[in-house]
Amino acid sequence: MYKNIISPLILLLFAHQITWGQKPQKPNSAEIYNQIQKLNFLGSVLYIAAHPDDENTKLISYFSNEKKARTAYLSITRGDGGQNLIGPELRDLLGVIRTQELIEARKIDGGEQIFTRANDFGYSKTPKETLQIWDKNQVLADVVWAIRKFQPDVIINRFDHRTSGNTHGHHSASAILSVEGFELSNSQNAFPEQLQYVTPWQVKRQFFNPSWWFYGSPEKYDAADKSSFSALQTGVYYTTLGKSNQEIAALSRSSHQSQGFGTTGSRGDEIEYLEQVNGIPLIDKSNLFEGIDTSWNRVKGGKSIGELLSKIITEYNFKNPSASIPKLTKVYGMIQSLDDIHWKAIKSEEIKNCIANCAGLYLEAVSNQQEATPGSLLKIKIEATNRSETDIQFVSITTFPNKNTITQNKTLKNNQVTKFDVDLQLPQNIDYTQPYWLIEKGNTGMYTVSNQQNIGIPDVIRETKVAFNLKINGIEIPFERTIVFKQNSPVKGEMYQFLDITPEVTTNIINNVELFNNKKNKTIAVKVKSGKDEIKGNLKLELPENWLVSPKNIAFEIKKKGTEKLFYFDVTPPLENSEVYAKSIIQINNKEYSDEQVTIDYPHITKQQVLKSAEAKFIKLDLKIGSQKIGYIMGAGDAIPESLIQMGYDVKILNPEEISTENLSPFDVIITGIRAYNVVEELASKQAILFNFVKEGKTMLVQYNTPSLLPNTQLAPFPLKISSDRVTEENATVRFLSPEHPILNYPNKITATDFKGWTQEQGLYYPSNFDSAFTPILSSNDTDESPKNGALLVAPYGKGYYIYTGLSFFREIPEGVSGAYRLMANIISLQNNSTETVQNKP
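Below is a summary of the structure that appears in this document. (Residues numbered from 1 in each chain as written. Predicted model: local features only at pLDDT ≥ 70, side-chain atom pairs only at ≥ 80, totals over all residues. Heavy atoms only, no water.)

**Description of the sheet that holds strand S16 (residues 465–472)**
If you trace the four strands from one edge of the open sheet to the other, you get S14-S13-S16-S17, paired in antiparallel fashion. Edge positions in the open sheet fall to strand S14 (404–411) and strand S17 (475–482), since each of these has one partner strand only. The average undirected angle you get between the axes of adjacent strands in this sheet is 20 degrees. Seen against the sheet, helix H12 (residues 325–335) touches S16 and S17 and runs at an angle of roughly 90 degrees to S17. The strands touched by helix H13 (residues 341–358) are S16 and S17; relative to S17, the strand with the most contacts, the crossing angle is about 90 degrees. (Pairing = 2+ DSSP bridges. Helix = DSSP H or I, 4+ residues; strand = E, 2+ residues; numbered from the N terminus. Axes fitted to C-alpha atoms, helices over the stretch in contact; angles between N-to-C directions. Contact = heavy atoms within 4.5 Å.)

Rendered as structure tokens:
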């Protein structure tokens, strides 16, 4: 690992640095004016909730854009346990997506983003359970760390710490942790190991921000007595930006695409209510900063800075922002003389951005490669362009992490582009680019981050940067830019990505789960990808001794960087049932590589590289299946079709427009993916065709949907009402309500053992009311709760069967849970189970 010793001041600079996506930001004159106004406000608000998309973007935007306060959202988790409406990624990979969505949201509403190490392990019904699984002490330490680093004057909780968590245990737990953090953050005795980096901090006030769902409905919310609450008029129209606060908030919230939270902006007056739960009582309930000095007077030696900034704001020339630069550079120099490390770090970064933006200063460092390996020599294209009459001297640049300084001593003349190339020698021990919270092994409730200074940092930590050392009006100011890669797309134009550091070679077993239905061998495909030119080594597939692998290893050679090659091993399972993990390992010059490179690339977020152990689950299983042909209608996205193919079925993905009586005739079974009736609008008009398919003697399996069905949707041929019932304890005892039903007996005998080893949750959104035509098959419940009987419902319809299930097959089957395979095979085989040919397919 390439390491630097980081001083507390540098730590604060990193923590408070204004970071953008790869594409350079080019603010207009009005946006620059708002940035300068923000320079003159020294107050801060920390909003706290449990997950990405829990935050109230209207309040974050209001405090950031209207009040000019430094505003941040502390999300206790990264949202790893949710569902994904845009792709197949779940768990830690979904957490990576939702992290980036929050970062994009904050770019829009003007806030900052912070996290703890808590892992979103899935839905929880009580805060007690949540805090046990999270390791309360560790998460509380992270909350206190966030408060001490951010130093908020005001904390706002999205949820109520006094409730039992009837919406979600994580929600109430986030508020409980926030309230305890309020009490502990100023104590020298609380988490003293943090005090080598931060100081104790006393938050002045803490509030709870209720919304209508806290009261149960908009009508109850409107009728509730809120006379003791603070009422903030957040329906602000920003004349210089041309948007209402609600419009900005809607754009921010719409960043949560994986959760389907696209939101339409609104206009007009709107009130947000806050109930004070801690701190100095308010007299003027409309002013949360009452009695708090939010001017530069709160900082020793800051009065003259505030006075000069007020003058800059008054004299600001919207047609010529660069006219503000002489006074801004003077302010920058004054800030450097401050003793207050906290505000010095924050305001230094803010004013540097203001100066650069006023000058139209374009600074960029572009790599000739998007991916590079440790030890590589990169060519970096440097551009520095001053688009103002300001006197700017280009003194030098410093490349990181090698800390090589190259003298320039050039004048950046108005609108004259300065370009040149520099070499960047990457160290052999530079870290690979990946989400830092996934590097160390965590557990169900917590990620492991050993470096205290990294805890809470929202994004990937990137080491490859360039510092542009400039002298502006005689004052030396460094500007840092992360190295990027860019290329031109004929369709989208200029496209940016960050420079990623990758291993020399990566590998992965093509299928994450390999299913062996009998003792026959299978051919296993393993991919090798070269991270640089001229790679030569040996590949092996590591398995326990009772699994036979041939050949023992395969020699390979790859000439060109980025080339992928497939290699094949024959694997013979043992006679007995077995579940093991296979690992793909490459050896080059006595060094082993066993990383799989996972790329997450969606247009609304920054491209992400995740490195995982190149492993796959191998299962030897006594699984009997039929010869059914399956049509699969995708919903919100899952990996079930691939798993059905692994089981031995003939599967075809059906687009909604392909659903017709003629097109369905070749299929024996139609399966709809998760939340299909929440996201696929065309399905509502296709139900008559699908029901007729069942009526004619076929089987239809509908996987879980939420209660918010699309308009005009008749989900089943008989009355069926979806509820929020779920069983979150994945190992909850399962009772067989209809033990003789074929679905539990044919072609596989289902027993209690088949519900062992399930992951995250047993099922969700079970029907609570259903017609007598349905036979409930299973019953289970979480501890101290009433039985839930809607997990698997079967109804004969005409000559066929309609089946609805809330069981979390979308999690269990791709994870290789044996019992989920066996039960799914029985569901598929329900129709004509006495006459079909049953097989043990390879």
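**Structural notes on the layout of surface pockets**
Quantified by volume, the second largest pocket comes out at close to 1700 Å³. Of all elements in the fold, only helix H3 (57–66), helix H8 (212–215), helix H10 (245–253), strand S9 (271–279), helix H16 (676–679) and strand S37 (720–727) reach the threshold of two or more residues within the lining of the second largest pocket. Considering every element that reaches the lining of the second largest pocket, the biggest residue donor is H10, with four residues. The residue inventory of the lining of the second largest pocket, partitioned by class, reads 15 nonpolar, 22 polar and 13 charged. (1 Å grid on protein atoms, 1.4 Å probe; cavity = no way out; pocket = protein on both sides within 12 Å on 5 of 7 lines; lining within 4 Å. Points joined across faces, edges and corners; volume = space filled by probe spheres on them. Nonpolar A, V, L, I, M, F, W, Y, C, P; charged D, E, K, R; others polar.)

**Description of the state of the cysteines**
Put plainly, a disulfide is one covalent bond tying together the sulfur atoms of two cysteines. By the definition in use, this model includes zero disulfides. No disulfide involves Cys354; its sulfur sits 6.4 Å from that of Cys358, the nearest cysteine. (Disulfide = S-S within 2.5 Å.)

**Side note on the packing of H12 against H13**
Their axes nearest at 10 Å, the elements H12 and H13 cross at an angle of 160 degrees. By the angle between their directions, the pair H12 and H13 is classed as roughly antiparallel. Crossing hand, H12 versus H13: left-handed. Facing H12, whose interface residues are Ile325, Leu328, Thr329, Val331, Tyr332 and Ile335, H13 presents Lys344, Lys347, Ser348, Ile351, Lys352, Cys354, Ile355 and Cys358. By residue class, the composition of the contact of H12 with H13 is nine nonpolar, two polar and three charged. (Parallel < 35°, antiparallel > 145°, perpendicular 65-115°, else oblique. Left-handed = near helix turned anticlockwise from the far one by under 90°.)

**Notes on H13**
If you check H13, its first and last C-alpha atoms are 26 Å apart, about what 18 residues at 1.5 Å a residue would give, namely 26 Å. In terms of residue burial, H13 counts as a mostly covered element, since 16 of its 18 residues are buried. Capping the start of H13 is the job of one residue whose side-chain oxygen sits 3.1 Å from the backbone nitrogen of His342: Asp340. Just beyond H13, the residue with positive phi is Gly360, at close to 60 degrees. (Expected span 1.5 Å × (residues − 1). Buried < 20%, exposed > 50% of the residue type's maximum accessible area, 1.4 Å probe, protein only. Polar contact = N/O pair within 3.5 Å; in protein donor to acceptor, adjacent residues only side chain to side chain.)

**Quick word on the sheet that holds strand S21 (residues 505–509)**
Within a sheet, neighbouring strands are paired by backbone hydrogen bonds and run either parallel or antiparallel to one another. The strand order S21-S23-S27-S25 describes an open sheet built from four strands, whose pairing is antiparallel. Looking at the sheet topology across the chains shown, the edges are occupied by S21 and strand S25 (548–550). Taken pair by pair, the neighbouring strands of this sheet meet at an average axis angle of 30 degrees, ignoring direction. Alignment of strand S23 (residues 522–530) against strand S27 (residues 564–572), held across eight bridges, turns out to be antiparallel. Residue pairing for S27: Ala525 is matched across the bridge by Tyr568.

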